[in-house]
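Notes for the structure review
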Amino acid sequence: MDRLQILQSWATRQLGGESLDIAPASADASFRRYFRVTAKGRDYIVMDAPPAHEDCRPFIAIARLFADAGVHVPQVLAHDLEQGFLLLTDLGNTTYLAALNEAASDQSVARALYLASNDALIRIQQASRPGVLPAYDRGLLTRELMLFPEWYVAKHLGVTLNADQQAVLDTVFERLLANNLAQPQVFVHRDWHSRNLMVSDPNPGILDFQDAVFGPITYDLASIYRDAYIEWDEEQQLDWVIRYWEKARAARLPVNEDFGTFWRDFEWMGAQRHIKVLGIFARLCHRDGKDGYLKDMPRVMGYLRKVCERYIELKPLLYLLDALEDRRLQVG
């Protein structure tokens, strides 16, 4: 039997033995796949996470952790860790991204969705305590940054950095890391963006949290408001981030009392994430054959370039990006 047949047989046993229709629900950038099944008029999600590549245990543990924090995550109804199967409640099939694109001209929809995401994020962060989730430490942050020279520069652009260019990259990476590591630490979803938040009751339904860590407080904000898949003008970003900051202060979360400093931390955290994402998208294309992510690279690069233009400490990276892309200053 192929893996899909085994998965279907397992789900059938869990749901009472009746024959089930199974259909793809979604796939992501990992080896996980999701299928929707219907039994007795109710929809469920079956996760297929091949044990050779994926570990279901963090998903189960963090689903419980986040549910205890009072946010809407799938309930794990059954699992088979040896085969890598999970049976989950279904949070629906409308992502934030789909809803935002459909209601592009209706700002009230975006406002409602993003403010609900702020509230859910604050609840998760209020539940934070050290020693529960893996640390988003220097080692992990650095490994993420190193995806950029390995996959974006070397593999995607076909460029070998010279010694001076490598020194620039090392210096800027160290500046970013110093900022990121100095930020207050909370639970971090790590992929808090429009493809992983679902329109549901209550809003949002939260997916793809298995890589959650304990790390910088601005990380998830940078993920959603500097989203790789949808872009808002900076005035709108500021509005939503300020609203988060005001509520976070009221909730006694450890956000900086000065919003200007908090915004700088948000931007520098976003730069770390965008450097990582460029590397990941290049790896997905060249290693995994998933070239659909290439269309989102210009948006991510635009975010990174704008932050590098704004802060003198990061401008050396801007000049390096110019050189890598062979840009020339246009005069006249």
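Residues numbered from 1 in each chain as written. Predicted model: local features only at pLDDT ≥ 70, side-chain atom pairs only at ≥ 80, totals over all residues. Heavy atoms only, no water.

Focus: the overall build of the chain
Put simply, the rule is: Helix and strand definitions here come from DSSP, where helices need a minimum of 4 consecutive H or I residues and strands a minimum of 2 consecutive E residues; each element is numbered from the N-terminal end. Buried means the residue's accessible area, taken with a 1.4 Å probe over protein chains only, is under 20% of the maximum for its type, while exposed means over 50%, and partly exposed covers the values in between. The contact definition used throughout considers only heavy atoms, calling two residues in contact when any of these lie within 4.5 Å. We treat Lys and Arg as the positive residues and Asp and Glu as the negative residues; His and chain ends play no part in the count. Every charge is mapped onto a representative atom, which is NZ of Lys, CZ of Arg, CG of Asp or CD of Glu.
In terms of regular secondary structure, the chain is built from 12 helices and 9 strands. Across its three principal axes, the chain shows a C-alpha extent of roughly 70 × 45 × 45 Å. Split into buried and exposed, the 332 residues of the chain put 50% on the buried side. Within the chain, residue pairs in contact and separated by at least 24 positions form 70% of the contacts whose partners lie at least 6 positions apart. Averaged over its 37 positive side-chain charges, the chain has a centre that lies 2 Å from the centre of its 45 negative ones.

Let's talk about the pattern of salt bridges
Rule in force here: Here a salt bridge means any side-chain nitrogen of Lys or Arg lying within 4 Å of a carboxyl oxygen belonging to Asp or Glu.
Tallying each qualifying case throughout the model produces 22 salt bridges. Ionic pairing is found between Asp208 and Arg32, a salt bridge with its closest N-O pair at 3.2 Å. In this pair, Asp208 sits in the loop between β8 (205-206) and β9 (213-216) while Arg32 sits in the loop between β1 (21-27) and β2 (33-39), placing the two residues 176 residues apart along the sequence. Given the relative accessible area of 13%, Asp208 is considered buried. With a shortest N-O distance of 3.1 Å, Asp296 and Arg299 are connected by a salt bridge. Under the relative-accessibility criterion, Asp296 is labelled buried at 5%. The partly exposed category is assigned to Arg299, whose relative accessible area is 24%.

Structural notes on helix α5 (residues 138-145)
Put simply, the rule is: To obtain the arc, one takes the directions from the helix axis to the C-beta atoms.
Along α5, the positions that sit buried rather than exposed are Leu140, Leu141, Glu144 and Leu145. Take α5 and look down its axis: the buried residues cluster within an arc of 140°, on one side only. Close packing links the buried residues of α5 with α6 (147-156), α7 (163-182), β9 and α10 (259-286).

Section: the packing of aromatic side chains
Short version of the rule: For Phe, Tyr and Trp, rings pair up if their centres lie within 6.5 Å, where Trp contributes its six-membered ring, and each pair is then called stacked (planes under 30 degrees apart), edge-to-face (over 60) or tilted (otherwise).
Evaluated as defined, the whole model comprises 20 aromatic pairs. Measuring from centroid to centroid gives 5.1 Å for Phe281 and Tyr293, while their planes differ by 40°, and the two rings are tilted. Here Tyr293 lies in the loop between α10 and α11 (297-310) and Phe281 lies in helix α10, a separation of 12 residues in the sequence. Owing to a relative accessible area of 4%, Phe281 belongs among the buried residues under this scheme. One aromatic cluster is present, built from ring pairs that chain together Tyr244, Trp245, Phe259, Phe262, Trp263 and Phe266.

Description of the pairing of strand β3 (residues 42-48)
As a reminder of what qualifies: Paired strands, as defined in this entry, are two strands with at least two bridges between them according to DSSP.
Extensive coverage of β3 is indicated by the burial of 5 of its 7 residues. Across 7 bridges, β2 lies against β3 in antiparallel orientation. Paired with Ala39 across the two strands is Arg42, which belongs to β3. Taken together, β2 and the strand that follows it, β3, pair antiparallel across an intervening segment of 2 residues, in which Lys40 is found at a positive phi of about 55°. Here β3 runs beside strand β5 (residues 85-89); their pairing, made up of 5 bridges, is antiparallel. Across the sheet, residue Met47 finds its bridge partner in β5, namely Leu86.

Section: the environment of Asp55
Filter applied, for reference: N or O atoms closer than or at 3.5 Å make up a polar contact, with two conditions inside protein: a donor-capable atom paired with an acceptor-capable one, and, for residues adjacent in sequence, both atoms drawn from side chains.
By the element assignment, Asp55 lies in the loop between β3 and α2 (57-68). For Asp55, a relative accessible area of 38% gives the class partly exposed. Sequence separation between Asp55 and Gln210 is 155 residues; the distance between their C-alpha atoms is 9.1 Å. One polar contact links Asp55 to Arg57, side chain to side chain, over a distance of 3.0 Å.

The values reported here are purely geometric and, on their own, carry no functional implication.
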